[in-house]
Protein chains: 2
Amino acid sequence: MYRVDHTPLRYRIHQKIRDKIIYKVWKSGTILSEGELAKSFNTSRTPVREAIRQLETEGLIRVIPKKGILIPEIEDKEIEDISELLEIIHCRAVEKAVEKVSPKDIERLEKIIAEADNYIGKKTKINKVIALGIQFSELILKCSGNKRFLEIDKQIRGHMIRFTSELCDDEDRSKIGWNTRKEIVAALKKKDKRLAGLKMRKHYQKGKKFLLEISNSGSKRSAKKRGRSK
Amino acid sequence: MYRVDHTPLRYRIHQKIRDKIIYKVWKSGTILSEGELAKSFNTSRTPVREAIRQLETEGLIRVIPKKGILIPEIEDKEIEDISELLEIIHCRAVEKAVEKVSPKDIERLEKIIAEADNYIGKKTKINKVIALGIQFSELILKCSGNKRFLEIDKQIRGHMIRFTSELCDDEDRSKIGWNTRKEIVAALKKKDKRLAGLKMRKHYQKGKKFLLEISNSGSKRSAKKRGRSK
DNA sequence: CAGTGGTCTAGACCACGGA
DNA sequence: CCGTGGTCTAGACCACTGT
């Protein structure tokens, strides 16, 4: 066994932990520790430690001193705050994008939508659809020209995936989300700045509403009230 | 010598490095290394390493593989991007604050302004004035009720301080900044959401304009073109 | 008062960069 | 080919937890 992958270990560990959180392999309420994690990855504690630190600044975990590493519950307030932040960033981004977007960008956006259309409703493709949604958002952010937008989005995207990973198996809602995206692209084509912003706002407002509905409807299949595991 | 301060070492190191960057003790273009820093702080490299990692995600340094830790130049694009991000966040924040702000909050805002008035123009108090500006912003962000806003702001505030630390010794411009803040408080008092947002936008637009002017006017006293030191 | 979790030290290792 | 910078390991230490 020789070393082939030269990406830093801390980075790979970060990804693995992140995935297990946002795709709900580890449920909210779970408490971990540096030591356990290090053992499970067959490494020493330092790279784990650094990954943890990263995840903490991203807000995906909470380190409770002398207790352990907690995967926090999803709070309604959290959903609202993050949705709002994403909304204002993406609205501004799409408004700027109107003036900067190239025909080729439009083409790529449409391609993403077309691909998503094929997958919507197919349960095995949920993650694929989510990934396409991310591609869509990222492309628009790139068109805005503001690098910070992309960075912030990347930082908090994990939360959004975590939220939506239990939403996107709802076919109707998913369809509405992608329909709004179509409207956004249409607005971009028409170079209608106001409309683009409006539709983007609608997109996030609806998204927030759906997320809150699910959160409050309580039990779907993952215990919302008490999710404790070890 | 017994250990009294129980804040993590990495945190203190982070602060020290951060301060040296944003207050321009270390100029843009400087290249450092983990080892040097560790020696200068009389610690091992691990806590330094973690501080570096933190500063990197904040964007205050750039790690160049096998070369060292670079303190990047201030780019105009950077100023524009960050100003824009802060603008949209603070605009939304102040608009929400209109409906949530308490009389006591208003009082505190006015107190901050009054205190700043005393210091403006006094060169020895530059950092004090900057600190008051931060307090002002933070208070409004808090009133907005969105915790993410505060978090993002905290993350990128370092950059803004770095930018403004060479701006704020300009008395006139500083005065304009604080006058706008007075207008913002007035709008909050009148519960005029639209006006508050407008003034906040004005605040950041002007701020951006000033920063770019200075950046482009080139040489003030700190070498803008070539700042190399070791 | 043992156990566990968090922090830091010392040092090994490896890859790359620059004489 | 040596120096240097980045990464990871092993392990010591100390504070707090929960019996």
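Just so it is clear, the model here is predicted, and its values are computed rather than measured.

1. A short note on the interface of chain A and chain B
Residue-level contacts link 28 residues of chain A with 28 residues of chain B. Summing both partners gives a buried area of about 2,600 Å² for chain A against chain B, and 42% of it is carried by carbon and sulfur. Inspection of the region where chain A meets chain B yields 12 salt bridges. Ionic pairing is found between Glu 84 of chain A and Arg 92 of chain B, a salt bridge with its closest N-O pair at 3.0 Å. Linking chain A with chain B are 21 residue pairs in polar contact (both at pLDDT 80 or more). Those elements that place two or more of their residues in the side of chain A that touches chain B are α3 (45-58), α4 (76-100) and α7 (147-164) of chain A. Partitioning the side of chain A that touches chain B into residue classes produces seven nonpolar, six polar and 15 charged.

2. So, the environment of Asp 19 of chain B
All names here are of chain B. Within the secondary structure, Asp 19 is located in helix α1 (residues 9-22). Residue class for Asp 19 comes out partly exposed when judged on its relative accessible area of 33%. Put simply, Asp 19 and Thr 180 are 161 residues apart on the chain and 27 Å apart in space, counted from C-alpha to C-alpha.

3. Re the domain arrangement of chain A
Residue and element names in this part refer to chain A. When cut into domains, chain A gives domain 1 (9-70) and domain 2 (76-224). Every contact between the two is made by nine residues of domain 1 and, on the other side, nine residues of domain 2. Taking both partners together, domain 1 and domain 2 bury about 920 Å²; carbon and sulfur atoms supply 54% of that area. Summed over the three residues of domain 1 that lose the most area to domain 2, namely Ile 22, Tyr 23 and Lys 24, the buried surface amounts to 49% of that side. For the interface between domain 1 and domain 2, the tally reads zero salt bridges. At the boundary of domain 1 and domain 2, one finds two residue pairs in polar contact (both at pLDDT 80 or more). Among the elements that take part in the side of domain 1 that touches domain 2, helix α1 (residues 9-22) stands out by supplying three residues, more than any other. Taken together, the residues that form the side of domain 1 that touches domain 2 break down as four nonpolar, two polar and three charged.

4. Concerning the packing of helix α5 (residues 103-119) of chain B against helix α6 (residues 126-144) of chain B
All names here are of chain B. Between α5 and α6, the least distance of the axes is 9 Å, while the angle of their chain directions is 165 degrees. As far as their axial angle goes, α6 and α5 are roughly antiparallel. Relative to α6, the crossing made by α5 is left-handed. Along the contact surface, α5 presents Asp 105, Arg 108, Leu 109, Ile 112, Ile 113, Glu 115, Ala 116 and Tyr 119, while α6 presents Lys 128, Val 129, Leu 132, Gln 135, Phe 136, Leu 139, Ile 140 and Cys 143. Residues of the contact of α5 with α6, tallied by class, amount to 11 nonpolar, one polar and four charged.

What counts, and at which threshold
- Residues numbered from 1 in each chain as written.
- Chains lettered and ligands numbered in written order.
- Predicted model: local features only at pLDDT ≥ 70, side-chain atom pairs only at ≥ 80, totals over all residues.
- Heavy atoms only, no water.
- Contact = heavy atoms within 4.5 Å.
- Buried area = accessible area lost by both parts, 1.4 Å probe.
- Salt bridge = Lys/Arg side-chain N within 4 Å of Asp/Glu carboxyl O.
- Polar contact = N/O pair within 3.5 Å; in protein donor to acceptor, adjacent residues only side chain to side chain.
- Helix = DSSP H or I, 4+ residues; strand = E, 2+ residues; numbered from the N terminus.
- Nonpolar A, V, L, I, M, F, W, Y, C, P; charged D, E, K, R; others polar.
- Buried < 20%, exposed > 50% of the residue type's maximum accessible area, 1.4 Å probe, protein only.
- Domains from an automatic or database assignment.
- Axes fitted to C-alpha atoms, helices over the stretch in contact; angles between N-to-C directions.
- Parallel < 35°, antiparallel > 145°, perpendicular 65-115°, else oblique.
- Left-handed = near helix turned anticlockwise from the far one by under 90°.

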